[in-house]
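Read off the chains here:
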Amino acid sequence: MREKYNHAKIERKWQRRWNEEKLFAAPGAAGPDKRYVLDMFPYPSAQGLHVGHPEGYTASDIVSRYFRMKGFPVLHPMGFDSFGLPAENYAIKTGTHPAVTTAKNIRNMRKQIKSLGFSYDWDREVITSDPSYYQWTQWIFLQLFKHGLAYESYAPINWCPSCKTGLANEEVVAGTCERCGTEVTKKSIKQWLVKITDERYIERLLHGLDKLDWPENIKLLQKNWIGRSEGAEVDFSVAPHPRVLAATTNPSKVVRFKKLLASIGTAPDLVTPADEHIKTIEVHEDGNLRENAEAKARAYFGKTKLPVLAVDTGLYIDGETHDPAMVRRTALGGKDESQLSRKQIMEHIIRHYSSVAKKHGGKVNAYWIDCFALVTPDGTVRFAEARRDIILTDTLHKPVDPHFPMRSLYINVATNKRPVDETEHEEVNIELKPVKDALSKLLCPVIRVFTTRPDTLFGATYMVLSPEHELVGSITTPDQKQAVEKYQTSAAKKSDLDRTDLAKEKTGVFTGAYAINPVNGAKIPIWIADYVLRSYGTGAIMAVPAHDERDAFFAEKYHLKFRHVILPKTYSQTQHYWEIFAHDAEITTQEAFRYDYQQICEGKEVPFAYTGEGTMINSGKYDGMDSVEFKKVITAWLQRQGKGKTAVNYKLRDWVFSRQRYWGEPIPIVHCEKCGHVAVPEKHLPVKLPNVKKYKPTGTGESPLAAIATWVNVKCPQCGGPAKRETNTMPQWAGSNWYWLRYCDPHNDKKLADPEKLKQWLPVDLYIGGAEHAVLHLLYARFIYKFLCDIEVIPKEFVKKNGDEPFIKLKNQGLILGEDGQKMSKSRGNVVNPDDVIKKFGADAMRMYEMFMGPFEDVKPWNTKGLIGMTRFLDRVWEWSLFLIEWYKDNPQAKNLHHGIVRQLHITIKKISEDIENFKFNTAIAQLMTYIKKVIVVNGQSYEGQSLLKREEFEIFLKLMSPFAPHIAEELWERLGHQKSIMYEQWPLYDEAKVQDEQVKFVVQVNGKVRDIVIARPDATVDQVRALALKSPKVRKYVATEPKKVVFVPGRLINFVV
RNA sequence: GCCGCGGUGGCGGAACUGGUAUACGCGCAGGACUUAAAAUCCUGUGUCCGCAAGGGCUUGUGGGUUCGACUCCCACCCGCGGCACCA
């Protein structure tokens, strides 16, 4: 009775030996022909390893071992991506600090990974939550900050109410949180963003994909995520209407003001404002308003004499402008005004009135006047744009009231009695230009739209602004104001999911304003609707219902006009089409239906919106032109007129980089009252995450770190004054977007990595991991790598030679489903635990089974029966091998007994080598099985008693199997008497001549149907094969007469056509 | 809706560049060994007709190209993944 195969014992033995001998340490010096084989490092979860992990790890291990045996220097490292939400949530649930659970999880997972016998160089392990690592993550952030690629913003972002943190766009899946599935809402809080959309990078991120050996679908996913579209930006002027108000202390300034307006009126792209569009208020120096304008002015400014001018901040409260001195006194409650900044004073005032209003159940109607211009007595213009939204939001912790009462331009003329406070206003330009710009914005706002279809410009019959568009307030006419504001409020309340859920039924409101179509001067209504997104393009569109489905639905609902400008080329009844449209360019929806578009546009389901190309109609002198051609022509025309230009837009948004959570890298920034954002000096890195007891998310948008006063309050590194640390932490992706660089030089405490070492190993030759990272990790990592190339962390000459893409080849492992064909989950109870599998069947069986399940990149269900089949195979190999080892002792000169066996070996070497390179591990293993079957069983007889193989041939077999089942191969190799590990043995080579057989089966077909098979030499000629074939009675049966034609494929087939 | 991937025995899957469809594994059936069972080994196994020899049919469906189609083309159906009013 031979020894049974004891996987537990053998695997333990070899794992220990490999580890002790540091067999898999990457060599110090790698030549140009190195191989960097990388796995996506795991998140150390409490659940430990999932069966999906070993799938990828086994594949990378097979390839690494294969490369080593091929003689390449191999870097094959592993680490842990250990910052992130699950650890923190788990910590909150169990009351254990995330650092503790993370360390424990890492220990467990490291043990699990090691128990599979992967050939990682563990001395290079990196752990992202380790300060010696995240010091460099923070360092990278500082470089981004210093290069203007990290900035703070108040813009509304995706907020997960369950995780209580902001999310990047990439982390939102169908309107829900990628991690927990909770519906994502919008929240306006201060956020750090990384400018991944920067023009220096976005095109490179897009075009870099072309060169990569990545799965096409992943490349496409990234491409679509970046979402580049080419088109044009077109400016539509808003038709003016009276709404402008100006004030001055000096009647003579009115003249100046009017002059100013006149000069604006002459600007080419603006409609000259007529007198009736401008209301001026003349104000005497004594504070009295001039009688003819007084009534109008009172309506805006209230009863007081000159308060607006005196309250130079432009505060307007509760429908009345208050005496500034009194307001301040009350609000400040005795505080010394001279000690406070202007902003602080305003905050006090707003808070005060906010509480007053609360008491009375009303609301505060306070706002800043939007544009603020100061004209000093000597004629200098100082200009500042008040940032109303920001200050109000910041102070009141709530969104700005969209019922902002009005917009006005406010010109404050400083007198000699009240000198201008230099510190309060940013000096923009001593020319009149800024004032002009501000005025022109107000007088004749221009709505800029982005369109990919400038060829349909003549068909624009209305415009739509997104409800959040900043021009909505100023263009809305008084009679539409209420409706518009109501719509804005309801749109603001909707989550993204609501907005997209209602995709079919579009809603909107007319603003009362009209715009002028730049190509034909047509006056078209301006609407607001939430089907237009503020975040894409310019937040405004020109609507062409005749050639855009969305616009068509909207126009249909609100009875807006259709104007057809493109005639489908395929449309045969041109005459009919002309009858309808050429003579009746603009028609209503009802008419559109009456004309039965279904027929006209060839039965398309949304017939009234033809979105294809064609011939221009209803487009003035351009009628008859091809629409593709016209697109270029009209864009050029717009450009010449200064009314538009070619433009490119992207779907990609900047990357929200701060998380309001504890367990992440602190953002190394200090907020100083005087100096603003100050980078923590590099020598002070890492900014360590304080060890605290309370790390629950606050939910208010503040990080839990904000509560730790001792940590938060620091001295400004620049001026030494009081300052506060940034309390947000970085997202999970921060640590993972550069970790493969650290593997090259993991213990360097002076630099992120030694450039020489980076040069040695970069780029990553093969990267293996899940496809779920297509637009998260893989996009971020590419961006950061490009940035690090630009700032020469990666040596310049290296980048020049090797490009700025980090991962040359990418493979995604397919998801492993549960035995029931469903996704593995605890609730379904179909989760397979790798530990159990290893314990029961062994690491080699598990590795081989996972590789044998099916194509590496496919989704495939787990099947324990299949695993049993694999152990059967390994047992059989083991037993047979022990027999051979014994046998060779007695028969050292053993010869192989069958001629075909040699050929089988060469076929096997060839097949397995090629399959490993092509990631076809399943068929490689099938070939191992086929081979074994062929050498064990011949003509129905089992191997017992004789060897069909020479010793060298058996050794080759062990080498071929060693990347797949390294433990068993190593053990057998040793038992054959070898001292050195099989892992650095030379990979076997095959002889193509020996792969070929001397006898080949020729398929004999008659009329394409297989009738027989004949044996001949592979180089047999047509005549030889034909003669052979015709001898067969099976063939002759069908070929009675001379065949009409004979098709011959050398070495394969002959086909008689009769 | 759009984009991508896929559909082959009872199941996981294989098939070069258009050339024997169903390799390999699982399962199943029969046999050997055994007092018996398990394990192991051997044989068979797409499907229909037939005692057999043999023949028909078969790669989601329907067409087409070809001497010959899982493979190429057209239309459709189904499944999976991604995006989702992106102007």
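Just so it is clear, the structure is predicted and the values come from calculations on it, not from any experiment.

### Topic: the overall build of chain A
Now for step 1: Check the secondary structure of chain A and you find 38 helices and 38 strands.
Now for step 2: Relative to its 1058 residues, chain A shows a buried fraction of 54%.
Now for step 3: A separation threshold of at least 6 residues defines the contact pool for chain A, and within that pool the share at least 24 residues apart is 74%.
Now for step 4: Put simply, chain A shows about 48200 Å² of open surface, and 51% of that area lies on carbon and sulfur atoms.

### A word on the protein's contact with RNA strand B
Now for step 1: For RNA strand B, the set of nearby residues contains 57 residues, the closest of which are Thr452, Lys506, Arg550, Lys651 and Asn1055.
Now for step 2: Counting only atoms of RNA strand B within 4 Å of the protein, the sugar-phosphate share comes to 63%.
Now for step 3: At 2.7 Å, a backbone N or O of Tyr531 approaches a sugar or linking oxygen of RNA strand B.
Now for step 4: Between RNA strand B and the protein, one listed contact pairs a phosphate oxygen with a side-chain N or O atom of Asn922 at 3.0 Å.
Now for step 5: The element best represented in the surface near RNA strand B is helix α33 (residues 921-936), accounting for 6 residues.
Now for step 6: Across the surface near RNA strand B, the residue classes tally to 25 nonpolar, 15 polar and 17 charged.

### Comments concerning the packing of helix α31 (residues 864-890) against helix α34 (residues 951-961)
In helix packing, the relevant descriptors are the interaxial angle and the interaxial distance, both defined with respect to the helix axes.
Now for step 1: Orientation of α31 relative to α34, taken along the N-to-C sense of each, is 150°, at an axis distance of 11 Å. The angle between α31 and α34 falls in the class roughly antiparallel. Where α31 crosses over α34, the handedness of that crossing is left-handed. The segment α31 lies against α34, with Phe873, Val877, Trp880, Ser881, Leu884, Ile885 and Tyr888 engaging Arg951, Phe954, Phe957 and Met961.
Now for step 2: Of the residues belonging to the contact of α31 with α34, the class tally is 9 nonpolar, 1 polar and 1 charged.

### Examining the side chain of Arg847
Now for step 1: Here Arg847 lies in helix α30 (residues 843-852).
Now for step 2: A polar contact of 3.1 Å, which involves the side chain of Arg847, links it to the backbone oxygen of Leu116.

### Overview of helix α1 (residues 7-20)
Now for step 1: Taking 1.5 Å per residue, 14 residues should reach 20 Å; α1 reaches 20 Å between its end C-alpha atoms and fits that length.
Now for step 2: Two or three places before Ala8, at the opening of α1, Asn6 has a side-chain oxygen 3.2 Å from that residue's backbone nitrogen.
Now for step 3: Two residues or fewer after α1 comes Lys22, characterised by a positive phi angle close to 45°.

### Here's the deal with the sheet that holds strand β28 (residues 676-679)
Now for step 1: Judged by pairing direction, the sheet is antiparallel, and its 4 strands sit side by side in the order β28-β27-β30-β29 without closing on themselves. Strands with a single pairing partner mark the edges of an open sheet, and in this sheet they are β28 and β29 (713-715). Averaged over all adjacent pairs, the angle separating strand axes in this sheet is 40°, with direction ignored.
Now for step 2: The sheet strands contacting helix α5 (residues 131-146) are β27 (669-672) and β28, and the helix crosses β28 at an angle near 130°.

### Details of the pairing of strand β38 (residues 1053-1057)
Successive side chains on a regular strand alternate, one facing one side of the sheet and the next facing the other.
Now for step 1: Within β38, 4 of the 5 residues are buried, which leaves the element mostly enclosed by the surrounding structure.
Now for step 2: When strand β37 (residues 1045-1049) meets β38, the two strands line up antiparallel, connected through 5 bridges. Paired with Lys1045 across the strands is Val1057, a residue of β38.

### A word on the confidence of the model for chain A
Now for step 1: Averaged over all residues, the pLDDT of chain A is 77; the fraction at 70 or higher stands at 74%.
Now for step 2: Within chain A, the lowest mean pLDDT, 22, falls on helix α10 (residues 307-310), and the highest, 97, falls on helix α25 (residues 739-742).
Now for step 3: Contacts of residues 242-325 to residues separated by more than four positions or lying in other chains number 158 contacts, the stretch itself having pLDDT below 50.

### Overview of the sheet that holds strand β2 (residues 74-75)
Now for step 1: Taken together, the 4 strands give an open sheet; going across it, the order is β2-β1-β31-β32, and neighbouring strands pair in parallel fashion. Edge positions in the sheet fall to β2 and β32 (810-813), since each of these pairs with one other strand and no more.
Now for step 2: Of the strand pairs in this sheet, strand β31 (residues 766-770) and β32 are connected by 4 bridges, and their pairing is parallel. Bridge assignment links Gly770 to a residue of β32, and that residue is Gln813.

### Some words on the environment of Val995
Now for step 1: Considering the arrangement of structural elements, one finds Val995 in helix α36 (residues 992-995).
Now for step 2: In this structure Val995 comes out as buried when scored by relative accessible area, which is 10%.
Now for step 3: With 90 residues separating them in the primary sequence, Val995 and Leu905 have C-alpha atoms 8.3 Å apart.
Now for step 4: Ignoring anything within four residues of it in the chain, the contact list for Val995 reads Arg903, His906, Ile907, Lys910 and Tyr990.

### Details of the packing of α5 against helix α27 (residues 777-790)
Now for step 1: At a closest axis distance of 11 Å, the pairing of α5 and α27 adopts a crossing angle of 70°. When the axis of α5 is compared with that of α27, the two are roughly perpendicular. Between α5 and α27, the residues in contact are Ile140, Gln143 and Leu144 and Phe783, Ile784, Phe787 and Leu788, respectively.
Now for step 2: Of the residues in the contact of α5 with α27, the class split is 6 nonpolar, 1 polar and no charged.

### Looking at the packing of aromatic side chains
Now for step 1: If you walk through the whole model with that rule in mind, you get 48 aromatic pairs.
Now for step 2: Note on Phe41 and Tyr739: the rings are 3.6 Å apart at their centroids and 5° apart in plane angle, and the pair reads as stacked. Residue Phe41 is located in the loop between β1 (35-39) and α2 (52-69), and its partner Tyr739 is located in helix α25; the two are separated by 698 residues in the primary sequence.
Now for step 3: Classification of Phe41 by relative accessible area gives buried; the value is 8%.
Now for step 4: Tyr739 sits in the buried class, given a relative accessible area of 0%.
Now for step 5: Judged by centre distance (5.2 Å) and plane angle (50°), the ring pair of Tyr531 and Phe554 falls under tilted. With Tyr531 in the loop between β19 (523-529) and β20 (540-543) and Phe554 in helix α18 (residues 549-558), the pair connects residues that are 23 residues apart, well separated along the chain. With respect to burial, Tyr531 and Phe554 carry one shared label: buried.
Now for step 6: One Lys or Arg, Arg65, reaches over the ring of Trp18 and ends 4.8 Å from the middle of that ring.
Now for step 7: Over the aromatic face of Tyr1038 sits the side chain of Arg1011, whose NZ or CZ is 3.8 Å from the ring centroid.

### With respect to the side chain of Ser913
Now for step 1: The residue Ser913 is located in helix α32 (residues 899-917) in this model.
Now for step 2: Using a relative accessible area of 8% as the deciding quantity, one classes Ser913 as buried.

### Re unusual backbone geometry
The general pattern is negative phi for most residues beyond glycine and trans for most peptide bonds.
Now for step 1: Leu685 connects to Pro686 through a cis peptide bond whose omega is -5°.
Now for step 2: Within the chain, Asn618 stands out as a residue other than glycine whose phi angle is a positive 50°.
Now for step 3: Here Asn618 is to be found in the loop between β24 (614-616) and α22 (627-641).
Now for step 4: The class of Asn618 is buried, set by a relative accessible area of 8%.
Now for step 5: The backbone of Glu792 sits at a positive phi, close to 65°, despite the residue not being glycine.
Now for step 6: Within the element layout of this structure, Glu792 appears in the loop between α27 and α28 (796-802).
Now for step 7: The partly exposed category is assigned to Glu792, whose relative accessible area is 45%.

Parameters at a glance
Each chain has its residues counted from 1, running along the sequence as written. Chains carry letters from A onward and ligands carry numbers from 1 onward, assigned in written order. Given that the model is predicted, a residue must reach a pLDDT of at least 70 before its local features are reported, and side-chain atom pairs must reach 80 or more before they are shown or counted; all residues, however, enter totals for whole chains, interfaces and linings. Only hydrogens and water are removed before side-chain values are computed, so all heavy atoms of the structure are retained for them. Counting from the N terminus, the helices are the DSSP runs of H or I reaching at least four residues and the strands are the DSSP runs of E reaching at least two. Burial classes follow relative accessibility: with a 1.4 Å probe on protein chains only, a residue under 20% of its type's maximum area counts as buried, one over 50% as exposed, and anything between as partly exposed. Pairs of residues are marked as contacts when any of their non-hydrogen atoms sit within 4.5 Å. Method for areas: the Shrake-Rupley scheme with a 1.4 Å probe, in which residue coverage is limited to the protein chains shown. Here a residue is considered near a molecule or strand provided that any single heavy atom belonging to it is located within 4 Å of it. Any pair of N or O atoms that falls within 3.5 Å is considered a polar contact. Within protein, one atom must be able to donate a hydrogen and the other to accept it, and sequence-neighbouring residues count only if both atoms are side-chain atoms. Each residue is assigned to one class: nonpolar for Ala, Val, Leu, Ile, Met, Phe, Trp, Tyr, Cys and Pro, charged for Asp, Glu, Lys and Arg, and polar for all the others, Gly among them. In this analysis, axes come from line fits to C-alpha atoms, helices being fitted only over the stretch in contact, and the angle between any two N-to-C directions falls in the range 0 to 180 degrees. Here is the rule for angles: anything less than 35 degrees is roughly parallel, anything more than 145 is roughly antiparallel, 65 through 115 is roughly perpendicular, and the remaining ranges are oblique. Crossings are sorted by hand: turned counterclockwise from the far helix by less than a right angle, the near helix makes the crossing left-handed, and turned clockwise it makes it right-handed. How far a helix is expected to stretch is found by multiplying one less than its residue total by 1.5 Å. The pairing criterion is simple: DSSP has to find at least two bridges between the two strands. Residue-level confidence of the predictor is summarised by pLDDT, bounded by 0 at the bottom and 100 at the top. Aromatic rings from Phe, Tyr and Trp, taking only the six-membered ring of Trp, are treated as a pair when their centres fall within 6.5 Å; an angle between ring planes under 30 degrees marks them as stacked, one over 60 as edge-to-face, and anything in between as tilted. Distance and angle both matter: a charge sits over a ring if NZ of Lys or CZ of Arg is within 6 Å of the ring centre and within 35 degrees of the ring normal.

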